[in-house]
Amino acid sequence: MRLSTSDGQPPGNGRRGSAARSRQVPDRERPRRGPGGERPRRPAPADRERDADTESRPSREAAPGQRRRRGAEPEPPPGRAASRRADGRKGRGQKQKSGKKKVLLWTGGVLAFVMVALAASAYAYLEHLKGNINSVADDGAGTGGFSKDRAINVLLIGTDKRSGEGNQGYGDKDSPGHADTTFILHVSKDRSNATALSIPRDLITDIPDCPTQQEDGTETVIPGKQSTKFNESLGQGERTPSCTMRTVTELTGIKMDHFMVADFNAVKTLSSAVGGVDVCLAKDIDDPDSHLKLSKGTHTIEGEEALAFVRTRHSVGFGGDLSRIEIQQQFLSSLMRKLSSNDTLTSPTKMFALAEAGTKALTVDSTLADISTLRDLGMELGKLDPKNLTFATVPVKDNPAEPTPVTVVLDDPKAQSVFQMVREDVSFTAVKKKEKKEKAAVAARLKGERADASEVRVDVYNGGAATGSAQTTLTWLQNTQGVVKSTQLGNAPEELAKTTVEYGEDEAPQARKLADLMGLPASALKPGDSVSNSQGLPAVKLTLGRDFKGAGIPLVAPKEAPKDVKKVSADKTVCAK
């Protein structure tokens, strides 16, 4: 994982030669005329529009959450006899001290392979490895732990805190750090594929209030912050990783099972443990800030040079954080390939080195502080073939509020489509297109010819959606989708949980086209009788239910990611540009 570029001087050039979102006063949706002076056939019913409140948050300071101390220095792996003696000395009723709980694992996709290999190793050695890693309470921000019968979501955070030997020389040594590199690792329910979704550190978002456990067991609520950079969800204001977890869930709607935090040393020690990571450059790079100097071509890098590579941004792409995300994804893809290679898995020396290196550079949530849970997670993640791991980045755009943009905001509705794909376990790869099975009769409603958008006659009603939704949908249909024969008729007679499209047999082509434009599932189509519009012509009736998310935002996850969402499969080598 990566970590922040700083203009501070590192301890050395580290080179190994050439390789190395207000409350709204409710008002009724007034019927509007369609183009050409069409009048609606009846007035809007009484005011029943819906609205939402926005909570205001306090801005007080709070005490920090505390990390637990590291365990003792590691001892050499014991032999089988020593393992048996160690097990014999440990009574069944003996409990670990809560302050001493430690766990084993680095990242969900990376050291899973190490966990699989070590599962059959000496139990005492696994206990030794548990002592290497710090754990922090998740403060109820997660699900409480992964389950074998559903998809797994792990939040991987790279902090730019200058902890660890040799890292204070990179400047900003007294900073508490930030959530500098953040991935959502989503592993599918059937373990056939996974997505690593990068969240830009400069993304403007809201950080919620964060209940945080203190070292003495008490809880303090760290105040939230509105419209701020995502990376302030960790470290700043004494926020712990559980606050980053809450922020991600607020942003994406994706509930995390676990979090794992790595520092600078994770990159240095892991890359060295596997004997170096292969990277490719499409041009020469001489970056005075990260101190990376490599020629065009392929290189094997490790240690300080590997850290310089993932911190580089001014010499690649557009010289910003989004370009650096791409180079980090390249590095992690290559590291995944190296970890899963026979050269690594068949080398006891490399496997033990990986276990030691990974565990020493990691802080995890306390729900993983159990050796059997940790082993089970490793076994589940180990089922993933690296070639079916896709790296993608949350769709963003320059912040329009800044004359000279230095931050970014979500690019909706693209970002919402990506979040929905993850929530509904839709693969970003072509491994297996898991379409939900519907009854043949329902699915058939979407099969058949489509009318042109200009020929779709539709009356729009609000049946439970947010205030103003019928009008904004009408405007969106007319102005951006070409559905000019449309009218909004205010509130429906009753609320509906789900958005529906009612139509007569002859209007089926129009209903299908409307479903396509709105991103509606086949189950939303309700064949029956059509309604008559203001001109006495048969029309489709669109009722926006409580599930309606907004004009242009699909109600079903897309079959594939938006075309301009950058992504790369972990099994492919991509040269940094």
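Residues numbered from 1 in each chain as written. Predicted model: local features only at pLDDT ≥ 70, side-chain atom pairs only at ≥ 80, totals over all residues. Heavy atoms only, no water.

Asker: Would you take a moment to explain unusual backbone geometry for this structure?
Answerer: Excluding glycine, residues mostly have negative phi values, and the peptide bonds linking residues are mostly trans. In this structure, the amide linkage connecting D412 to the following residue, P413, adopts the cis form with an omega of 5°. The topology assignment puts P413 in the loop between β17 (408–410) and α11 (414–423). Positioned with a positive phi, S227 is a non-glycine residue whose angle comes to about 45°. By the secondary structure assignment, S227 is in strand β8 (residues 225–229). Of note in the backbone geometry, D425 takes a positive phi value of approximately 60° without being a glycine. Structurally, the position occupied by D425 is in the loop between α11 and α12 (440–443). (Helix = DSSP H or I, 4+ residues; strand = E, 2+ residues; numbered from the N terminus.)

Asker: Where do I start with the state of the cysteines in this structure?
Answerer: Covalently bonding the sulfur atom of one cysteine to the sulfur atom of another cysteine gives a disulfide. Here the structure, examined in full by the defined rule, presents one disulfide. The disulfide that involves C210 links it to C243, with 2.0 Å between the sulfurs. Between C210 and C243, the disulfide has an S-S torsion of 65° and is therefore right-handed. Of this pair, C210 sits in strand β6 (residues 210–213) while C243 is found in helix α4 (residues 241–252), placing the two residues 33 residues apart along the sequence. Each member of the pair, C210 as well as C243, is classed as buried. (Disulfide = S-S within 2.5 Å. Buried < 20%, exposed > 50% of the residue type's maximum accessible area, 1.4 Å probe, protein only.)

Asker: How do you make sense of the side chain of E380 when you look at a structure like this?
Answerer: When you line up the elements, E380 lands in helix α10 (residues 371–381). Of the polar contacts made by the side chain of E380, one reaches the side chain of K383; its length is 3.1 Å. With near-sequence residues (within four places) excluded, E380 lies in contact with F146, K148, I152 and R191. (Polar contact = N/O pair within 3.5 Å; in protein donor to acceptor, adjacent residues only side chain to side chain. Contact = heavy atoms within 4.5 Å.)

Asker: Would you explain the environment of K283 in this entry?
Answerer: As for its placement among the helices and strands, K283 is situated in the loop between β10 (277–281) and β11 (285–287). Given the relative accessible area of 33%, K283 is considered partly exposed. Spatially, the C-alpha atom of K283 lies 4.4 Å from that of K296, the residues being 13 residues apart in sequence.

Asker: Where do I start with the packing of helix α13 (residues 469–480) against helix α14 (residues 508–518) in this structure?
Answerer: Each pair of packed helices can be described by the angle between their axes along with the distance between the axes. α14 packs onto α13 with a crossing angle of 105° between their chain directions and a minimal axis gap of 12 Å. With respect to each other, α13 and α14 are oriented roughly perpendicular. Packed against α13, whose contacting residues are T473, W476 and L477, the element α14 presents L514, L517 and M518 at the interface. (Axes fitted to C-alpha atoms, helices over the stretch in contact; angles between N-to-C directions. Parallel < 35°, antiparallel > 145°, perpendicular 65-115°, else oblique.)

Asker: Just to check I follow, could you spell out the nonpolar core for this structure?
Answerer: Nonpolar side chains tend to gather and get buried jointly when the protein is soluble and globular. In this structure, M260, F309, F331 and L389 are the most contacted members of the largest nonpolar core, which totals 46 residues. With six residues, helix α7 (residues 321–339) is the single largest residue contributor to this core. When neighbours within four sequence positions are excluded, F309 is seen to be in contact with V279, L281, L292, I301, I327, Q330 and F331. Among the nonpolar cores identified, the runner-up in size contains 33 residues, and A179, M245, F419 and F428 belong to it. (Core = buried A, V, L, I, M, F, W, Y, C linked by side-chain atoms within 4.5 Å.)

Nothing here speaks to function; it is all geometry.
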